[in-house]
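Spelled out, the chains give:
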Amino acid sequence: MNIASSDKQSGELILGAHLSISGGLYKALEEAESLGCKALQIFTKNASTWREKTLSREEIGIFEEARKKTGIRSIAAHSAYLINLAAKDPDIRKKSRAALKQELVRCGQLGLPWLVLHAGFHMGEGEKTGIKRIVGTINHVFKQLPENPTRLLLETTAGQGTSLGSSFKQLAEMMHGISNKNRVGICMDTCHIFAAGYDISSRQSYMETMKEFDMILGINNLYVIHVNDALKQCGSRVDRHAHIGEGMIGSRGFSSLVNDPRLSKIPKILETPKKKDGKNMDPENIARLRALYLT
Ligand SMILES: [Zn+2]
């Protein structure tokens, strides 16, 4: 065995999954540990309501303890789905701004390094107006929370309907407008970019897509990767996640990704369906990624 390959085998793939917080935030950490994960994604509240959640000192303490015990530090929170910073309705925009602020507050209290956000839908108002609203709101919220330690990650989207963030260029425009660059970054979702038209299913297309990503957004701005196979074809704009190797991206695409040395330090987090024929698929999808890494 040569040095390079032994290094690679002892090197660690930073894998994780989006896990449930039912029964307590700390439960997700315990589950991640039982899956052998070094990373994790959670919601810090019920993601499909506007209702806010205030964390108690006790909850924060238990979470902190579980984090120390498990040693898992690469933790992303995913923000609630109702947030739309680009909304046409001023009432929704106001609610979204308040909700984003609370998301960041909870992340800060829990000491989470990243908050993932779907930037928003322009609802027919156009890309330019939508991006302007998104940027304005983020700058406003950052100003309100000058000491917040959590980095806000804009997620690549599949481009369904009027959603913004499906092209690297759109995301670059958002990043450009945000005054404090040290507080933002990108979360790349493999299913979403593929659905948006960036092929990664072959070695060559993967290399081309990453080259474009690097040129427009910069790999140094990438902090989290959502690893999901895609049920629909490249460019479908349909956001349907599939199990690793069972979708249109396929094993070859994920092999290129997990073995890309430029991404070795970046947590790769599954958001694949939880079950298949009654079987819990998180251990299976993790095993599939590990198998690709070692080959
Ligand atoms: Zn995602």
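Residues numbered from 1 in each chain as written. Predicted model: local features only at pLDDT ≥ 70, side-chain atom pairs only at ≥ 80, totals over all residues.

## A few points about the overall build of the chain
Then step 1. Along the chain, the regular secondary structure elements total ten helices and 14 strands.
Then step 2. At 19 Å, the chain has a C-alpha radius of gyration in line with the 19 Å of a compact globule built from 295 residues.
Then step 3. Overall, the C-alpha framework of the chain stretches about 60 × 45 × 40 Å when taken along its three principal axes.
Then step 4. Residues classed as buried in the chain amount to 43% of the 295 residues present.
Then step 5. Of the contacts made within the chain by residues no fewer than 6 positions apart, 74% connect residues no fewer than 24 positions apart. (Helix = DSSP H or I, 4+ residues; strand = E, 2+ residues; numbered from the N terminus. Rg over C-alpha atoms; globule rule 2.2 N^0.38 Å. Buried ≥ 20, exposed ≤ 12 C-beta atoms within 10 Å, placed from the backbone. Contact = placed C-beta atoms within 7 Å.)

## A closer look at the sheet that holds strand β1 (residues 15–18)
Then step 1. Pairing is parallel in the closed barrel, where eight strands are placed in the order β1-β2-β3-β4-β6-β8-β9-β12. Here the average twist between neighbouring strands, direction ignored, is 30 degrees.
Then step 2. Judged from the four bridges that link them, strand β2 (residues 39–42) and strand β3 (residues 74–78) form a sheet pairing that is parallel. Looking at the pairing, Gln41 lines up with Ala76 of β3.
Then step 3. Sheet strands touched by helix α10 (residues 282–294): β1, β9 (222–227) and β12 (268–270). Its angle to β12, the strand with the most contacts, is close to 145 degrees. (Pairing = 2+ DSSP bridges. Axes fitted to C-alpha atoms, helices over the stretch in contact; angles between N-to-C directions.)

## As for the confidence of the model for the chain
Do not read the fine detail of predicted coordinates wherever pLDDT is low.
Then step 1. Mean pLDDT over the chain stands at 94; residues scoring 70 or higher make up 96%.
Then step 2. Contacts of residues 1–10 to residues separated by more than four positions or lying in other chains number two contacts, the stretch itself having pLDDT below 50. (pLDDT = per-residue confidence, 0-100.)

## Let's talk about the environment of Leu110
Then step 1. Mapped onto the elements of the fold, Leu110 is located in helix α4 (residues 90–110).
Then step 2. Taking C-alpha positions, Leu110 is 9.7 Å from Thr150, a pair spaced 40 residues apart along the chain.
Then step 3. Setting aside residues up to four positions removed in sequence, Leu110 forms contacts with Thr44, Ile60 and Phe63.

## Quick word on unusual backbone geometry
Then step 1. Within the chain, Met123 stands out as a residue other than glycine whose phi angle is a positive 55 degrees.
Then step 2. Assignment of secondary structure puts Met123 in the loop between β5 (120–121) and α5 (127–144).
Then step 3. The residue Arg237 is not glycine, and still its phi comes out positive at about 60 degrees.
Then step 4. Along the chain, Arg237 falls in the loop between β10 (229–230) and β11 (241–242).
Then step 5. A count of 16 C-beta atoms within 10 Å places Arg237 in the partly exposed class.

## Digging into α10
Along an α-helix, residues three or four apart share an orientation, since each turn contains 3.6 residues.
Then step 1. Between its terminal C-alpha atoms α10 stretches 19 Å, which fits the 18 Å expected from 13 residues at 1.5 Å a residue.
Then step 2. Regarding α10, the residues found buried are Asp282, Asn285, Ile286, Arg288, Leu289, Leu292 and Tyr293. One side of α10 holds all its buried residues, which, seen down the axis, span an arc of 155 degrees.
Then step 3. Next to the buried residues of α10 lie β1, β9, α9 (250–258), β12 and β14 (279–280). (Expected span 1.5 Å × (residues − 1). Arc of directions from axis to C-beta.)

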